[in-house]
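Summary of the model geometry
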Amino acid sequence: MSETYILCEGYHDRAFWDGLLRRLGCADPGLKADGTRTIPRDPWGLFVRGSGEHAFESRSKAFIRVVPTGGKNNVLRFARRRLADRSSQKALPRMVLSVDSDVNVDGSPNPAAGVVTDAAVADLAREFDAAAVARSADEYALDNGATLINVIRWTADDPVAAGLPIQNALERLICASILAVHPERAEPVHRWLLSRPAPPPSTGKEFAWSYVAGWYADRGDYEAFCSTLWDDPAIADQLMGRLKVSGALAIAEAIAS
């Protein structure tokens with residue numbers, strides 16, 4: 001018995017993964033044919049509930065668990081716990097560390113960047129298998145390839161522009177994809193953000209939340225928006241294109257297969 005284990009920073013990332021996995025043909029094992037819900041079980045018969053965990057089923061019926069960790073600083077701690085728990089009875093064919101890049105696209109420093117670095121992931125892999133092999137910058141193979149660790153960093157390579165945060169993170173990926181379809185929305189958001197008296201330091205979230213308030217308030221909240229944004233075919237295509245460029249799409253497709 002085994003699972004793919006996706007660790008992300010928080011509930012918004014989890015919701016984004018929900019939309020992405022659905023887009024790639026994954027199913028929600030808790031959703032019944034009549035539209036009612038039941039609590040899904042993992043491969044070991046335990047209910048998937050509490051701690052914000054969500055379950056999915058790949059196209060080949062493999063089990064996928066998405067776990068929000070409550071912040072980037074917790075991702076490696078959660079990863080260590082699951083790596084220590086892997087065994088022939090609880091196999092871990094793939095673990096994904098899904099985090100914001102947090103590198104500013106204009107070259108300015110960002111203190112939020114640099115937690116889940118390439119070096120930190122390499123150290124993690126070799127902590128649990130001294131013979132771990134780096135297959136690429138975003139993939140490490142442990143246990144002679146029986147366990148893979150992948151790294152996904154949310155990025156969008158679009159140039160600096162009005163209406164886009166400079167911090168490369170989930171919010172920039174979302175905003176860039178919206179503006180590729182609706183470029184006329186950039187300027188009003190830009191003007192609104194500039195008009196704020198004594199604004200706090202930018203995190204990028206103020207951009208994404210502005211688009212939600214302006215055009216997607218009917219989604220209920222930002223978490224729901226991060227998932228249902230994928231239901232817009234034009235925006236979903238833009239998201240997929242940017243995920244392909246960053247390498248994230250190839251990893252997601254491997255999970256969903």
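My aim in this report is to walk through the structure given alongside it, one point at a time.

What counts and how
Residues numbered from 1 in each chain as written. Predicted model: local features only at pLDDT ≥ 70, side-chain atom pairs only at ≥ 80, totals over all residues. Heavy atoms only, no water. Pairing = 2+ DSSP bridges. Helix = DSSP H or I, 4+ residues; strand = E, 2+ residues; numbered from the N terminus. Axes fitted to C-alpha atoms, helices over the stretch in contact; angles between N-to-C directions. Salt bridge = Lys/Arg side-chain N within 4 Å of Asp/Glu carboxyl O. Buried < 20%, exposed > 50% of the residue type's maximum accessible area, 1.4 Å probe, protein only. Patch = residues over 30% accessible without salt bridge, like charges linked within 9 Å, V, L, I, M, F, W, Y side chains within 5 Å. Areas by Shrake-Rupley, 256 points an atom, 1.4 Å probe, with all protein chains shown as cover.

On to the sheet that holds strand S2 (residues 54-57), then. The sheet built from seven strands is open, its strands ordered S2-S3-S1-S4-S7-S6-S5 with mixed pairing. Two strands lie at the open edges of the sheet, namely S2 and strand S5 (133-136), each paired on one side alone. Averaged over all pairs of adjacent strands, the angle between their axes in this sheet comes to 20 degrees, without regard to strand direction. Sheet analysis places strand S4 (residues 91-100) next to strand S7 (residues 147-154), joined by seven bridges and oriented parallel. Bridging from a neighbouring strand, Met95 pairs with Ile149 of S7.

Right, let's talk about the pattern of salt bridges for a bit. Under the definition given, this model contains 21 salt bridges. With a shortest N-O distance of 2.5 Å, Glu223 and Arg14 are connected by a salt bridge. In this pair, Glu223 sits in helix H7 (residues 222-228) while Arg14 sits in helix H1 (residues 11-23), placing the two residues 209 residues apart along the sequence. For Arg65, the salt bridge identified is with Glu53, shortest N-O distance 2.8 Å. Of the two residues, Arg65 sits in strand S3 (residues 63-68) while Glu53 sits in the loop between H1 and S2, which places them 12 residues apart along the sequence.

Tracing the chain through its elements places Ala176 in helix H4 (residues 170-181). You can call Ala176 buried: its relative accessible area is 3%. Expressed as a C-alpha distance, the spacing of Ala176 and Leu164, which sit 12 residues apart in the sequence, is 6.6 Å.

Attention shifts here to a nonpolar patch on the surface. On the surface, Val105, Val160 and Ile166 cluster together into a nonpolar patch covering about 210 Å² of accessible area. In this fold, Ile166 is placed in the loop between S7 and H4.

So far we have only geometry, and geometry alone does not tell us how the molecule works.
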